[in-house]
Amino acid sequence: MNISRCDWPRALATQSKTQIAAVLNEIAAHWTITPVQLPQTGLAMLQLRDSAFNDPYFLGEIPLASAWITISTEDNQEYQGAAQLMDDDREKIEALAVCDAVLAHQLPGWLAIYQLVEIGMAELTTEQNLRNAMLALTRVDFALLNATEHDDD
């Protein structure tokens, strides 16, 4: 399964923080992880454009967390990773940024994190299939409604 980098945080977010931390503690024990930019959590305004006049309007606020980190390995190599997620958990977003660096640069232990990504994507796919099935049950065929009106004449 080839999973796009933009889907990694979303897939990993389905896993518990303790599960992610356990994998990272095993592989990142001898690394130095420093923030390039301080991790941020808070609210962001979601802006959309009106379809008729193309005027901007704000739909509302969403929780947003972001982190950007650098990993320094034992051999003094540096690798960067970042993550953004609609969440407000600072620890989790920092862990996801570390996971991003490990996966993007295929650092030692990347396969263990990729397995978590695959598990997360399977969970997201199952959830989406369930939503699609529920949506299919609510569909209305208006052509059939029109046909019954003509039968009454």
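The model shown is predicted, which means the values in this text are computed figures rather than measured ones. (Residues numbered from 1 in each chain as written. Predicted model: local features only at pLDDT ≥ 70, side-chain atom pairs only at ≥ 80, totals over all residues. Heavy atoms only, no water.)

Peer 1: Whenever I open this one, the sheet that holds strand β1 (residues 32-49) confuses me. Can you help?
Peer 2: Hydrogen bonds between backbone atoms are what pair the strands of a sheet, whose relative direction is either parallel or antiparallel. Reading across from one edge, β1-β2-β3 is the order of the three strands in this open sheet, with antiparallel pairing throughout. Taken across any chain shown, the strands that pair with only one partner, and hence form the sheet edges, are β1 and β3 (78-85). Averaged over all pairs of adjacent strands, the angle between strand axes in this sheet comes to 15°, irrespective of strand direction. Sheet analysis places strand β2 (residues 56-72) next to β3, joined by eight bridges and oriented antiparallel. (Pairing = 2+ DSSP bridges. Helix = DSSP H or I, 4+ residues; strand = E, 2+ residues; numbered from the N terminus. Axes fitted to C-alpha atoms, helices over the stretch in contact; angles between N-to-C directions.)

Peer 1: In this structure, what is going on with the side chain of Q15? I would like to understand it.
Peer 2: The topology assignment puts Q15 in the loop between α1 (8-12) and α2 (17-27). Classification of Q15 by relative accessible area gives buried; the value is 5%. Side chain to side chain, Q15 and T14 meet in a polar contact 2.9 Å long. Look past the residues within four positions of Q15 in its chain and what remains in contact with it is I20, K92, L116, I119, G120 and E123. (Buried < 20%, exposed > 50% of the residue type's maximum accessible area, 1.4 Å probe, protein only. Polar contact = N/O pair within 3.5 Å; in protein donor to acceptor, adjacent residues only side chain to side chain. Contact = heavy atoms within 4.5 Å.)

Peer 1: How should I be thinking about α2 in this particular structure?
Peer 2: Every α-helical turn comprises 3.6 residues, leaving residues that sit three or four positions apart pointing alike. Every buried residue of α2 is listed here: I20, V23, L24 and I27. Burial along α2 is one-sided: seen end-on, the buried residues are contained in an arc of 95°. Of the exposed residues in α2, those oriented more than 90 degrees away from the buried face are T18, N25 and E26. For α2, the elements touching its buried residues are α1, α3 (90-104) and α4 (110-137). (Arc of directions from axis to C-beta.)

Peer 1: Can you walk me through the pattern of salt bridges in this structure?
Peer 2: In a structure, side chains of opposite charge can pair up when their charged atoms sit close to one another. A full pass over the atoms with the stated rule returns six salt bridges. Notably, a salt bridge pairs D89 with K17, separated by 3.1 Å at the nearest N-O pair. Residue D89 is found in the loop between β3 and α3, and its partner K17 is found in helix α2; the two are separated by 72 residues along the sequence. Classification of K17 by relative accessible area gives partly exposed; the value is 35%. Between R90 and E94 there is a salt bridge, with the nearest N and O atoms lying 3.9 Å from each other. On the criterion of helical spacing, the pair formed by R90 and E94 is a turn pair, its members being four residues apart in helix α3. The exposure class assigned to E94 is partly exposed, which follows from its relative accessible area of 29%. By sharing partners, the salt bridges in this structure join K17, D89 and E91 into a single network. (Salt bridge = Lys/Arg side-chain N within 4 Å of Asp/Glu carboxyl O.)

Peer 1: Is there a simple way to think about the confidence of the model for the protein chain in this case?
Peer 2: Keep in mind that low pLDDT regions are not for reading the predicted coordinates in detail. Chain-level pLDDT for the protein chain is 90 on average; 93% of the residues reach the 70-or-more range. Mean pLDDT across the elements of the protein chain bottoms out in helix α5 (residues 142-151) (64) and peaks in β3 (96). (pLDDT = per-residue confidence, 0-100.)

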